Amino acid sequence: KIAKGSLEIQVIQKTDEKIVVQKRLEVLLNAIPDLIWLKDPSGIYLFCNRAFERFFGEKEKDIVGNGLEIKLKDY
């Protein structure tokens, strides 16, 4: 049981480290003024930064998961 408990602690620590790295990466990508986005091989949006959101007038939550081309809003 000690080994199992140790493994569980290691998994929790690695998960926490991964979350910290993801948050840092998100902060970094959102600080960049250029449009940044990531799509999977089938064309589905996986990520976009705030500059991308502002340019297209859509929130990331409405972009991610879509494979449609984002259209500019009428101004």
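Source: prediction; values computed, not measured. (Residues numbered from 1 in each chain as written. Predicted model: local features only at pLDDT ≥ 70, side-chain atom pairs only at ≥ 80, totals over all residues. Heavy atoms only, no water.)

Caption draft 1: Region of interest: the packing of aromatic side chains. For the coordinates displayed, the defined rule picks out 4 aromatic pairs. Centre to centre, the rings of Tyr45 and Phe52 are 5.8 Å apart; their planes meet at 55 degrees, and the pair counts as tilted. Residue Phe52 is classed as buried on the basis of its relative accessible area, which comes to 2%. Ring centres of Phe55 and Phe56 lie 4.9 Å apart, and the angle between their planes is 80 degrees; on these two criteria the pair is classed as edge-to-face. For Phe56, a relative accessible area of 14% corresponds to the buried category. The rings of Trp37, Tyr45, Phe52, Phe55 and Phe56 are connected pair by pair, giving a single aromatic cluster. (Phe/Tyr/Trp six-rings, centres within 6.5 Å; stacked < 30°, edge-to-face > 60°. Buried < 20%, exposed > 50% of the residue type's maximum accessible area, 1.4 Å probe, protein only.)

Caption draft 2: Focus on the nonpolar core. By size, the foremost hydrophobic cluster in this structure holds 5 residues: Tyr45, Cys48, Phe52, Phe56 and Ile63. Broken down by secondary-structure element, the contributors of at least two residues to this core are strand 2 (45-48) and helix 2 (50-56). Once residues within four sequence positions are removed from consideration, Cys48 is found in contact with Ile36, Trp37, Glu53, Glu60 and Ile63. (Core = buried A, V, L, I, M, F, W, Y, C linked by side-chain atoms within 4.5 Å. Helix = DSSP H or I, 4+ residues; strand = E, 2+ residues; numbered from the N terminus. Contact = heavy atoms within 4.5 Å.)

Caption draft 3: Focus on the pattern of salt bridges. One pass over the structure, following the stated rule, counts 2 salt bridges. Where Glu17 meets Lys14, a salt bridge forms, and the shortest distance between an N and an O atom there is 3.6 Å. Here Lys14 and Glu17 lie together in helix 1 (residues 2-31), a separation of 3 residues that amounts to about one turn. Notably, a salt bridge pairs Lys61 with Asp62, separated by 3.5 Å at the nearest N-O pair. Residue Asp62 is classed as partly exposed on the basis of its relative accessible area of 36%. (Salt bridge = Lys/Arg side-chain N within 4 Å of Asp/Glu carboxyl O.)

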